[in-house]
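Tertiary structure, described
So the chains spell out like this:
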Amino acid sequence: MEDIFDREQIVLDQALSHIDEVCCGNPLCIEQFESLIKEYKMLLKQHKKVIKISDRASTNMITEQKGQITDLSDKVHHDALTGIYNRRYMEEALEKIMKTLQRSGDAVLSVLMMDIDFFKKYNDNYGHAEGDVCLKAVALAISNSLMRDDDFAARYGGEEFAVILPNTDKAGAQAIAERILENLRICKIPHEKSEVSPHVTLSIGIATGNVKAVTGGLDFIKRADEALYHSKENGRNRYSFLEM
């Protein structure tokens, strides 16, 4: 029994240590993390075989450890800096959403891709610490613009963000894009080096289409990226729309 507890603590310590490293800027090793979680779950199963349900103390400990596993899994799916979902979760969730919508019939999906305008100049001028503060504020403005529980935002990488809008047509997606731009304007984050505004702005690309006509979520991302390119080419601080 002690060997199980000892091994659990080692696995938990390794996982928490890796999380600390990721929070400090080191890359996340998904394979290592998933291996630790798998082993931890296996150890929990061994617990159930040897611990009597009537033992309240042991039961409480198992509950606490399950909570720790849930917390670890949750951190794997979220961006350490901004707190919103990360790219890996977004891409996996997008494929699941696609399959669900394809089964439901004539369903539409909208994907928004967006970049902070002239973010490199922002970092060069204000420093990376302020850049991190800016990223957090932008992520919050984006998240606060979403209207439904099924909609979600993710940090796609660097200063790039994504929004997934199931069952949302062109008009609905454009309304969300306008809310995002407006909510960011309300933040009034200074950006002296921006070429389009004295404050931080976003360029947004929107892709909307019927999921049955598309093979995978990556097609939506690519199309939204194309629309994002149009926004940048046409002056930034705006959104552009392309159908699938």
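Residues numbered from 1 in each chain as written. Predicted model: local features only at pLDDT ≥ 70, side-chain atom pairs only at ≥ 80, totals over all residues. Heavy atoms only, no water.

A short note on helix 7 (residues 170-187)
Counting along an α-helix, one turn takes 3.6 residues, and residues three or four places apart therefore face a common direction. Our working rule: Runs of H or I in DSSP of at least four residues are treated as helices and runs of E of at least two as strands, each being numbered from the N terminus. Helix span is expected to be 1.5 Å times the residue number reduced by one. Between buried and exposed lies partly exposed: a residue is buried under 20% and exposed over 50% of the maximum accessible area for its type, with that area taken using a 1.4 Å probe on protein chains only. Relevant arc is that of directions from the helix axis to the C-beta atoms, nothing else. Note on contacts: a residue pair is in contact if any heavy atoms of the two residues lie within 4.5 Å. Any pair of nitrogen or oxygen atoms within 3.5 Å is treated as a polar contact; in protein, a donor-acceptor pairing is required on top of that, and neighbouring residues in sequence qualify only through side-chain atoms on both sides.
Helix length check: helix 7, at 18 residues, gives a terminal C-alpha distance of 26 Å against a target of 26 Å (1.5 Å per residue), a fit within 8%. Buried within helix 7 are the following residues: A173, I176, A177, I180, L181 and L184. The arc that holds the buried residues of helix 7, viewed along the axis, is 135 degrees, so those residues lie on one side. In this structure, helix 7 carries A171 and I186 as exposed residues pointing more than 90 degrees from its buried face. For helix 7, the elements touching its buried residues are strand 2 (108-116), helix 6 (128-143), strand 4 (160-166), strand 5 (202-210) and strand 6 (239-243). The N-cap of helix 7, judged by a side-chain oxygen 3.4 Å from the amide nitrogen of A171 a few residues on, is D169.

With respect to the sheet that holds strand 6
Here is the rule: DSSP-based pairing: two strands are paired if at least 2 bridges between them are found.
Strand order in the open sheet made by the six strands is 1-3-4-2-5-6, with mixed pairing throughout. Every interior strand has two partners, whereas the edge strands, strand 1 (85-86) and strand 6, have only one. Both strand 3 (residues 152-157) and strand 4 contribute to a ladder of five bridges, which runs antiparallel. Bridge pairing in strand 4 places R155 opposite F161.

Some details on the pattern of salt bridges
Test applied: By convention in these notes, a salt bridge is any Lys or Arg side-chain nitrogen within 4 Å of a carboxyl oxygen on Asp or Glu.
With the rule as written, the count across this model stands at ten salt bridges. With its nearest N and O atoms 3.5 Å apart, the salt bridge here joins R88 to E92. Here R88 and its partner E92 are both found in helix 4 (residues 87-104), four residues apart, which amounts to about one turn of the helix. Judged by relative accessible area, R88 falls into the partly exposed class, the value being 26%.

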